[in-house]
Structures are given as C-alpha cells and as structure tokens.
Amino acid sequence: MKLRRGNRIRLLRNVEEYFPALEREIDAAATEIFLETYIFEADDTGQRIAAALMRAARRGVLVHLMIDGFGSRLFPEDQRRQLLESGVQLLVFRPELWAIKLRSTRLRRLHRKLAVVDGRIGFCGGINVIDHRYSPRNTPPRLDYAVSVDGPLVADMHSAARSLWMRTAWTQLRRRWLPLNKPVLALEPRGVQRAAFLVRDNVHHRHDIEEAYLHAIARAHREVMIANAYFLPGRRFLDALCNAARRGVRVTLLLQGRMEYILVHYASRALYRELLDAGVEIHEYTRSFLHAKVAVVDDSWATVGSSNIDPVSLLLAREANVVVRDRKFVRELRGSLKDAIEAGAKPVQRERWARMGLPMRMATGAAYALLRLLTGISSYGRAQDFM
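Residues numbered from 1 in each chain as written. Predicted model: local features only at pLDDT ≥ 70, side-chain atom pairs only at ≥ 80, totals over all residues. Heavy atoms only, no water.

**Student:** What is the right way to read empty space enclosed by the protein from this model?
**Tutor:** If a probe as big as a water molecule is rolled over the atoms, it shows which places are left empty. Scanning all chains against the criterion turns up one cavity of 30 Å³ or more. Of the pockets and cavities examined, the largest cavity occupies roughly 100 Å³. Every residue lining the largest cavity is listed: Ala229, Tyr230, Phe231, Leu255, Gln256, Arg258, Glu260, Tyr261, Val264, His265, Ser268 and Arg269. Contributing elements (two or more residues each) for the lining of the largest cavity: β10 (250-256) and α7 (262-269). At four residues, α7 tops the list of elements feeding residues into the lining of the largest cavity. Its residues assigned to classes, the lining of the largest cavity shows six nonpolar, three polar and three charged. (1 Å grid on protein atoms, 1.4 Å probe; cavity = no way out; pocket = protein on both sides within 12 Å on 5 of 7 lines; lining within 4 Å. Points joined across faces, edges and corners; volume = space filled by probe spheres on them. Helix = DSSP H or I, 4+ residues; strand = E, 2+ residues; numbered from the N terminus. Nonpolar A, V, L, I, M, F, W, Y, C, P; charged D, E, K, R; others polar.)

**Student:** I would appreciate a short explanation of the layout of surface pockets in the present structure.
**Tutor:** Put simply, the second largest pocket is a space of about 540 Å³. Lining the second largest pocket are 21 residues, with Ala160, Phe197, Val199, Asp201 and His205 positioned closest to its centre. Of all the secondary structure elements, the ones that give two or more residues to the lining of the second largest pocket are α4 (154-171), β8 (193-200) and α5 (208-218). Considering every element that reaches the lining of the second largest pocket, the biggest residue donor is α4, with six residues. In terms of residue class, the lining of the second largest pocket is made up of eight nonpolar, four polar and nine charged.

**Student:** Could you clarify how one ought to interpret the environment of Asp277 in this entry?
**Tutor:** Secondary-structure assignment places Asp277 in helix α8 (residues 272-278). Residues Asp277 and Cys242 lie 35 residues apart in sequence; the distance between their C-alpha atoms is 8.6 Å.

**Student:** Would you explain the pairing of strand β3 (residues 62-68) in this entry?
**Tutor:** If a strand is regular, its side chains alternate between the two faces of the sheet. Burial of β3 is extensive: six of the seven residues sit out of reach of the surface. In the sheet, strand β2 (residues 32-37) pairs with β3 via six bridges, with the strands oriented parallel. Within β3, the residue paired with Phe34 across the bridge is His64. Handedness of the crossover joining β2 and β3 through helix α2 (residues 44-58) is recorded here as right-handed. As defined by bridge partners, β3 adjoins strand β4 (residues 89-93) across five bridges and the pair is classed as parallel. Residue pairing for β4: Asp68 is matched across the bridge by Phe93. Considered for its hand, the β-α-β crossover made up of β3, helix α3 (residues 77-86) and β4 is right-handed. (Buried < 20%, exposed > 50% of the residue type's maximum accessible area, 1.4 Å probe, protein only. Pairing = 2+ DSSP bridges. Right-handed = clockwise from strand over helix to strand, strands pointing away.)

**Student:** Before we go on, may I ask you to explain the packing of aromatic side chains in this structure?
**Tutor:** Both the distance between ring centres and the angle between the ring planes are used here to describe each pair of aromatic rings. In this structure the tally under the stated criterion is six aromatic pairs. Ring plane angle 80° and centroid distance 6.0 Å describe the contact between Tyr18 and Phe123, whose orientation is recorded as edge-to-face. Of this pair, Tyr18 sits in helix α1 (residues 14-28) while Phe123 sits in strand β6 (residues 121-125); the two residues are 105 residues apart in sequence, bridging distant segments of the chain. Take Tyr18 and Phe123: they sit in the same class, and that class is buried. (Phe/Tyr/Trp six-rings, centres within 6.5 Å; stacked < 30°, edge-to-face > 60°.)

**Student:** Quick question: what am I supposed to make of the side chain of Thr168 here?
**Tutor:** Here Thr168 is to be found in helix α4. For Thr168, a relative accessible area of 6% gives the class buried. Discounting chain neighbours no more than four positions away, the residues touching Thr168 are Met66, Leu91 and Phe93. (Contact = heavy atoms within 4.5 Å.)

**Student:** Help me understand helix α6 (residues 235-246), please; the structure alone is not making it clear to me.
**Tutor:** Residue pairs spaced three or four apart in an α-helix point in one direction, given the helix's 3.6 residues per turn. In this model α6 runs 16 Å from its N-terminal to its C-terminal C-alpha over 12 residues, within 8% of the 16 Å that 1.5 Å per residue would give. In this structure, the buried residues of α6 make contact with α5, β9 (223-228), β10 and α8. One or two positions beyond α6, positive phi appears at Gly248, with a value near 100°. (Expected span 1.5 Å × (residues − 1).)

**Student:** Would you take a moment to explain the nonpolar core for this structure?
**Tutor:** Among soluble globular proteins, nonpolar side chains are generally buried collectively. Counting residues in hydrophobic clusters, the biggest one holds 47 residues, and the most contacted among them are Tyr145, Val147, Phe197, Val322, Phe329 and Leu333. Broken down by element, this core gets its largest block of residues, seven residues, from α4. Setting aside residues no more than four positions away along its own chain, Val147 makes contact with Ile9, Arg10, Leu11, Leu12, Gly122, Phe123, Cys124, Val304, Val322 and Phe329. By size, the runner-up hydrophobic cluster in this structure holds 38 residues, among which are Ile226, Leu276, Ala278 and Leu314. (Core = buried A, V, L, I, M, F, W, Y, C linked by side-chain atoms within 4.5 Å.)

**Student:** Explanation requested: the packing of α5 against α6 in the structure shown.
**Tutor:** A pair of packed helices is captured by two measures, namely the crossing angle of their axes and the spacing between those axes. Two elements in contact, α5 and α6, have axes separated by 10 Å at closest approach and are oriented at 15°. Comparing the axis directions of α5 and α6 gives the class roughly parallel. Two packed elements cross with a definite hand, and for α5 against α6 that hand is left-handed. Contacts between α5 and α6 involve Glu210, Glu211, Tyr213, Leu214 and Ile217 on the former and, on the latter, Arg236, Phe237, Ala240, Leu241 and Ala244. Grouping the constituent residues of the contact of α5 with α6 by class yields seven nonpolar, no polar and three charged. (Axes fitted to C-alpha atoms, helices over the stretch in contact; angles between N-to-C directions. Parallel < 35°, antiparallel > 145°, perpendicular 65-115°, else oblique. Left-handed = near helix turned anticlockwise from the far one by under 90°.)

Note that every value here comes from positions in space, so none of it alone points to a role or purpose.
Spelled out as structure tokens, the structure:
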C-alpha cells in the first residue's frame, strides 16, 4: 500500500454533500474529466450531472464517461445520444448483450465510483449517479459516503481511471477516443494527510483492498468499526474480526437492516451467531437503506470506497477505496458512524439471536449455502476463502 503525504481529503456524506461538490468541479474543469460509475440513472440527479458533463464537453473539455453495462443497463438511448452529440465520450464497461444467458463474467462489473478532474482533484466512494433522496417506500436518503481528494494522491487516481479507459476504448475499437498525451499532474502538497488509493482488479490487484482491511484489523488495539451494505466476509476476514474481539478490541458492525436483496439479507445473518459469540457488536441500520462501505480502526486508520465485504466485491468486481491515515479524518468518520448508529440502528442482541426459531435458521442456512455455491461457480477457482 503506497501512502502518499501532503493530501487534503474531505469526507462527503450522502448525496447532499457529494453531488454539489462533484458538479462544482465539473463546471470548473479546464482540460479533462474522467467519471466512472456503476449506476447512472436518468432521474433528476442523473440529468443534472449529465448536463454538467455536456456543458464541459461543449467548452472543449475532454469528457470521459464510463458506465457499467449491467448497473446502467437501463440508461436511456436518448440521453446517450445527447451526451455523444455534445462531445462526451461514453464507454459501456462489459455491455449486457444477453438478458437471459447465465455467464460468470456477468459478475465482473465496474463497481467503483471514481471521478478525476484535470488531474487536480479526485472523488472516490460508494455513491452512484442516482438520486438517493427518493428511496424505495419513501425512506430517508441512503446512508453513504465519498471523499474528495486534493494533492499527490490524485496522480494514482488519475492513472487508474486513464488506464481502464484506454484498455476499454481499445477493446471496443474506439481508438479515436484514446488519450494521446498524458497530462502533467500537479503533485505539490495541498494538505497534511497521508493516504493511499487502492483498487481491486482481476490482474495485479486482486486482493489489495481485502489485505488492507486484514492488516488494519490484525493490528487494532482498541476499536474496529465497519459500516458495510452487503456483508458476507470470507473465512479469513471473519476470523480476523472474531480474533480482534476476543483479544479485547471493540468490534462494531453497522449492517443493512432493511431487506433489499433477499438472498444476501438472509445469508449474512447466518454469520451473526459466530460473530456475536466472539463478542462482536452488530447494529442493523433501519432508518433508511445502508449503502456505505467505510471503516475506522483505532484513531489513525480509515477507508472510504466502493468495495463491499462480500464475494462479488472481493473476488470479481472492479473496486476502488481510499485509505486515510489521519486522526482528524478518523474522528470525523467515526463520529458520523456513531451518530448513524444512535439515530437509525437497532442492536442485535446475542440472547435473542441464540433463541432464533427453526424457520429463520433454515432460511439463513439455505441462503448462505446457496451463495457459497454460486461463489464457487462464478469465481474461477478463487473462491476457496469463501467456501
């Protein structure tokens, strides 16, 4: 993990803080924009960001927009045409050509949410281009986070975005969209924070994000706090959490309380008994839907990104996380998570879970077994840690 010094990193909470900051930087762009997202919805927020991208393209900025072929499969053709006509370069990562055919490659998605403007400022987190203010069943906005990055770390973010764009453009025969010259990036210090940019891919960085988590948990002395939307860790990750709790570290998990995906909902609960028996505290977020993928360890380590702690994120999808080594940032994120727990979560009681009825035990066990089977089928032999 390459830590770079001299960064200024700002925590962005939910869509209310993220999209105004992103739109402001798009409007200030002078040379180029890279924007990657899993979901690009044609709602008010999507229209707003699309309009900003088109404004940038019309004034001569090279705008590179990459959306995922599955997450954005409903992206409207008329909006695609408007973007292209304005000069926006639009690539679809792994287009979904078959609606029914079952292929393991369908799970190899572009799940990271990454933006880099002028090689000057970057954004990374878990927030898709979608208006979470209008959640299902009139719940409040989804709980989610992103960061804005200003400083030397932007060079790593820019390199990752540019590399994937070039590879995808080449494979899709969009050679006229290949960036010809790599811009000179500003690497001067803009703050005092140390941070690293981590990606997960299927070549050289298959386990970087997971290893960063495991390294931090293994060295925790006082506290591990994780908020994760889709939580189904492998054996090593599960053991790391339980071992930390047994040696006296306060381990707190903030997990999804509302049912969004039925299989994941029940499968993750199959792990509750082992975690609770080890002393791990579990809180289910019920105020709205949880979409966060963040963590803090002790008072000096934090991560914000797109990676869930489940087989899809850790074995298949392209993900991106920022790791921050800064006490002030850690305090801010920890405080936000504690506020979320107090205001919108319910604790899972060990005694109550131990008395779980037979129907629930059967449902959670069956869901977990099915997901383990699907993981083994889809992960090209790399699922042994989850089996």
